[in-house]
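Chains, contacts and geometry: an overview
Residues per chain, in single letters:
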Amino acid sequence: MLATIEKSRVDWRVAPNLVDYDHVRASFDWSTARKSLAGLPGGGLNMAYEAVTRHVVEGKGERIALRLLGREQEVTDITFAALDAAACRFANVLETLGIGRGEVVFSLCGRVPPLYAAVLGTLKRGAVFCPLFSAFGPEPIRARMEIGRGAVLVTTRALFQRKVKGILDQLPGLRFVLLIDGGKDDEADRIRALPLLLAAAGDRYETVRTGPEDRALMHFTSGTTGRPKGAIHVHEAVVAHAVTARYALDLHDEDIFWCTADPGWVTGMSYGVIGPLVCGVTSIIDEMEFDADRWYSIIERQKVTVWYTAPTAIRMLMKVGTEIARKYDLASLRFLASVGEPLNPEAVVWSYHAFGRPFHDNWWQTETGGIMIANFAALPVKPGSMGKPLPGIDAAIVNRHPDGSVTVVAEPEVEGELALRAGWPSMFRGYLGEEERYRKCFADGWYLSGDLARRDSDGYYWFVGRSDDVIKTAGHLIGPFEVESALLEHPAVAEAAVIGKPDEVAGNTIKAFVALKAGYEASPELERELMAHARRRLGPAVAPREIAFRSNLPKTRSGKIMRRLLRARELGLPEGDISTLESDEK
Ligand code: ATP
Ligand code: MG
């Protein structure tokens, strides 16, 4: 295990929002946290009101809420007041079109200003928002809009032509398509030009009196383990967004915050839109995709203080090397956080050298709606650990039994399923159209995450693997993360994924797929060297028996390695749902 990274006041730069972890945890309760929100005048709770309107009412409307960066990094600033007005216009448009409370608005577009107005306007209208990733093809779009019962789709002319036009007939429930860049000539049948509608709409709107349990957002999971599920979230989730953005991301008033996730995924919504807005900070939104130079220059130019990204991006930054980072002045960075996949210890140590600050891994899921386990600004970081549960979150390692009951594992250092005591505000309230599947996620008052982990004696949680990806070999239960992390320590390795291959003797043998860093060539010698390295690090029982080189590993569009696809291809099995697959190389 790599050495723990201690923190000092110098590292803090400003006092973290959570300094005394044990004390805050002991005294925390969600109903008190709820009181820090405004609530709707006269009662009720609405996410968009907390995110924007509240700041305007409190006289902070002139602060910059969103700073959008175009292709050439040209800046479009949107203040809280302007965002609130834009949201009001969108809410008025929905009302004029007869879209009522609880109806569902989908989006299919990039990170452009109207998207943010649409999210917040939909919430103000009391309707439900479901973002889609713009790279989806027609069938994934159709399937999601059908099970989500989309009444409205907000998209662009180009995406409409390419992906939606051909499926319109199969979506009878879709009443309107609003084209972000549409004009008079585009209007026909269900298709409307959003700019014209917005121009005709008023910029004041009284937020619909939603309650904490009213539906607000729907998000499809990443599809890493199978067909994506549609998770339903309610307005009450905003309580968790506020608390977790302050505690786990350490957002302070003056921060310039950059969450690199697309709002098509839950991270891009909970922490790319709602959380930072509720905290009143400025969010950077880049229209473009990953590019190491571009990213560093954004941090430098925009003086980003808090940066929230994902292991895939961090591994890509590692792949291009630290020298590139050194070309930029990244001294504005105060706090670095990562989510989405296990963060290999090597990556934490690398960031500590490259930026003088470690990435703080945190763990959560589409279903949990917000960060549940995190490394905190004031606490030591143990590279490879996901950290400790947030205040208000009871986590445990549990064992499931065949009769459906669970027992909590009291001792530390035992592997089991990661569970959370049900009832936190951002917990999903259902899977779209899959009640039985939803019910099966709960037992004896616990939500069962489907991830395996262990807790150490300091209360830090360590990811082992998804229960579907864990490999049984020669009587051992092996989490892919451990093997992949060992491979990643080798200087040639940029990415690694391991799977189990059925074997008559061992039950399974381990096969690793490896992508190399620039400057390294695949060869039988390198394969032998990597195997020897893995055997030294892990012992012969756990080290891979086979290594295959790939220039790229298959990933979901949210950047998660799809081990199930590597496995299916290896074993000649059906590939299953690949609607979220991004890079593809057989
Ligand atoms: P699906 O449920 O459709 O298979 P998914 O689980 O990848 O997809 P998400 O909800 O986007 O969909 O991702 C949550 C999962 O991502 C977690 O259950 C976990 O397996 C993984 N994950 C997220 N953060 C971390 C982390 N810090 N360390 C390890 N794994 C993580
Ligand atoms: Mg999942």
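Above this text you will find the structure in question.
Everything numeric in this text was worked out from a predicted model, so none of it was measured.

1. Here's the deal with the site of ligand 1
Around ligand 1, 22 residues are found, and the nearest of them are Thr-221, Gly-223, Thr-224, Thr-225 and Thr-366. Between ligand 1 and Glu-341, the relevant distance is 3.4 Å, taken from a nitrogen atom to a main-chain nitrogen or oxygen of the residue. Asn-362 is positioned such that a nitrogen or oxygen atom in its backbone is 2.7 Å from a nitrogen atom of ligand 1. Coverage of ligand 1 by the protein chains reaches 96% of its 630 Å² of free accessible surface. For the shell around ligand 1, the secondary-structure elements that each account for two or more residues are strand S14 (359-363) and strand S22 (461-466).

2. Concerning the sheet that holds strand S26 (residues 507-516)
Remark on secondary structure: sheet strands pair via backbone hydrogen bonds, oriented parallel or antiparallel. On the basis of which strands lie adjacent, the open sheet formed by three strands has the order S25-S26-S27 and mixed pairing. Taken across any chain shown, the strands that pair with only one partner, and hence form the sheet edges, are strand S25 (493-503) and strand S27 (546-549). This sheet shows a mean twist of 25 degrees between the axes of neighbouring strands, independent of strand direction. Pairing of S25 with S26 involves 10 bridges; the strand directions are antiparallel. Bridging across to S26, Ala-496 finds its partner in Val-514. Across the face of the sheet, helix H18 (residues 524-538) comes into contact with S25, S26 and S27 while running at roughly 130 degrees to S27.

3. A closer look at empty space enclosed by the protein
A full pass over the atoms with the stated rule returns four cavities of 30 Å³ or more. There is about 140 Å³ of room inside the largest cavity. For the largest cavity, the lining is made up of 17 residues, of which Lys-7, Asp-11, Arg-334, Arg-357 and His-360 are closest to its centre. Broken down by secondary-structure element, the contributors of at least two residues to the lining of the largest cavity are helix H1 (9-12) and strand S13 (335-338). Residue composition of the lining of the largest cavity, grouped by class: nine nonpolar, two polar and six charged. Considered as a void within the structure, the second largest cavity measures approximately 60 Å³ in volume. Lining the second largest cavity are Arg-315, Glu-341, Pro-342, Asn-344, Glu-484, Leu-488, Ala-496, Ile-561 and Arg-563. The class makeup of the residues in the lining of the second largest cavity is four nonpolar, one polar and four charged.

4. Here we look at the pairing of S14
Counting buried positions along S14 yields five of five residues, so the element is predominantly enclosed. Note that S13 and S14 share three bridges and pair parallel. Across the sheet, residue Ser-338 finds its bridge partner in S14, namely Asp-361. As for the winding sense of the linkage, the β-α-β connection from S13 through helix H15 (residues 345-355) to S14 is right-handed. By the bridge criterion, two bridges tie S14 to strand S15 (residues 373-374) in an arrangement that is antiparallel. Paired with Asn-362 across the strands is Ala-374, a residue of S15.

5. A short note on the packing of aromatic side chains
On inspection of all chains with the given rule, the structure shows 26 aromatic pairs. The interplanar angle of 90 degrees and the centroid separation of 6.2 Å between the aromatic rings of Phe-136 and Trp-265 together place this pair among those described as edge-to-face. Note that Phe-136 is positioned in the loop between strand S4 (128-132) and helix H7 (138-147) and Trp-265 in the loop between strand S10 (256-259) and helix H11 (266-279), a separation of 129 residues in sequence. In terms of burial, Phe-136 and Trp-265 fall into one category: buried. These aromatic residues form a ring-pair network of at least three members: Trp-258, Phe-290, Trp-295, Tyr-296, Trp-307, Tyr-328, Trp-350, Phe-355 and Phe-359.

6. Some words on the nonpolar core
Leu-277 and Tyr-308 are the most contacted members of the largest nonpolar core, which totals 102 residues. Beyond its immediate stretch of four places on either side in the chain, Leu-277 contacts Ala-51, Val-52, His-55, Ala-65, Leu-66, Phe-80, Leu-83 and Leu-120.

7. A look at the packing of helix H10 (residues 237-247) against H11
Their axes nearest at 8 Å, the elements H10 and H11 cross at an angle of 80 degrees. As the angle between them shows, H10 and H11 are arranged roughly perpendicular. Between H10 and H11, the residues in contact are Val-238, His-241, Ala-242, Thr-244, Ala-245 and Arg-246 and Ser-270, Tyr-271, Ile-274, Gly-275, Val-278 and Cys-279, respectively. Of the residues in the contact of H10 with H11, the class split is seven nonpolar, four polar and one charged.

8. So, the pattern of salt bridges
For the structure shown, the criterion picks out 46 salt bridges. Arg-142 is the partner of Glu-139 in a salt bridge, and the nearest nitrogen-oxygen pair spans 2.9 Å. Here Glu-139 and its partner Arg-142 are both found in helix H7, three residues apart, which amounts to about one turn of the helix. The exposure class assigned to Glu-139 is partly exposed, which follows from its relative accessible area of 45%.

9. Focus: the environment of Lys-388
Relative to the assigned elements, Lys-388 resides in strand S16 (residues 385-389). For Lys-388, a relative accessible area of 13% corresponds to the buried category. Between the C-alpha atoms of Lys-388 and Ala-87, which are 301 residues apart in sequence, the distance is 36 Å. Beyond its immediate chain neighbours, meaning those up to four positions away, Lys-388 contacts Tyr-21, Met-372, Ile-373, Ala-374, Phe-376, Leu-379, Asp-458, Gly-459 and Tyr-460.

10. Examining the environment of Asp-291
Its place among the elements puts Asp-291 in the loop between strand S11 (282-286) and helix H12 (292-302). For the pair Asp-291 and Thr-224, spaced 67 residues apart in sequence, the C-alpha to C-alpha distance is 24 Å.

11. Some details on the pairing of strand S1 (residues 64-69)
Where S1 lies against strand S2 (residues 75-79), five bridges are found, and the strand directions are antiparallel. Among the inter-strand pairings, Ile-64 is bridged to a residue of S2, identified as Thr-79.

Parameters and conventions
- Residues numbered from 1 in each chain as written.
- Chains lettered and ligands numbered in written order.
- Predicted model: local features only at pLDDT ≥ 70, side-chain atom pairs only at ≥ 80, totals over all residues.
- Heavy atoms only, no water.
- Near = heavy atom within 4 Å.
- Polar contact = N/O pair within 3.5 Å; in protein donor to acceptor, adjacent residues only side chain to side chain.
- Areas by Shrake-Rupley, 256 points an atom, 1.4 Å probe, with all protein chains shown as cover.
- Helix = DSSP H or I, 4+ residues; strand = E, 2+ residues; numbered from the N terminus.
- Pairing = 2+ DSSP bridges.
- Axes fitted to C-alpha atoms, helices over the stretch in contact; angles between N-to-C directions.
- Contact = heavy atoms within 4.5 Å.
- 1 Å grid on protein atoms, 1.4 Å probe; cavity = no way out; pocket = protein on both sides within 12 Å on 5 of 7 lines; lining within 4 Å.
- Points joined across faces, edges and corners; volume = space filled by probe spheres on them.
- Nonpolar A, V, L, I, M, F, W, Y, C, P; charged D, E, K, R; others polar.
- Buried < 20%, exposed > 50% of the residue type's maximum accessible area, 1.4 Å probe, protein only.
- Right-handed = clockwise from strand over helix to strand, strands pointing away.
- Phe/Tyr/Trp six-rings, centres within 6.5 Å; stacked < 30°, edge-to-face > 60°.
- Core = buried A, V, L, I, M, F, W, Y, C linked by side-chain atoms within 4.5 Å.
- Parallel < 35°, antiparallel > 145°, perpendicular 65-115°, else oblique.
- Salt bridge = Lys/Arg side-chain N within 4 Å of Asp/Glu carboxyl O.

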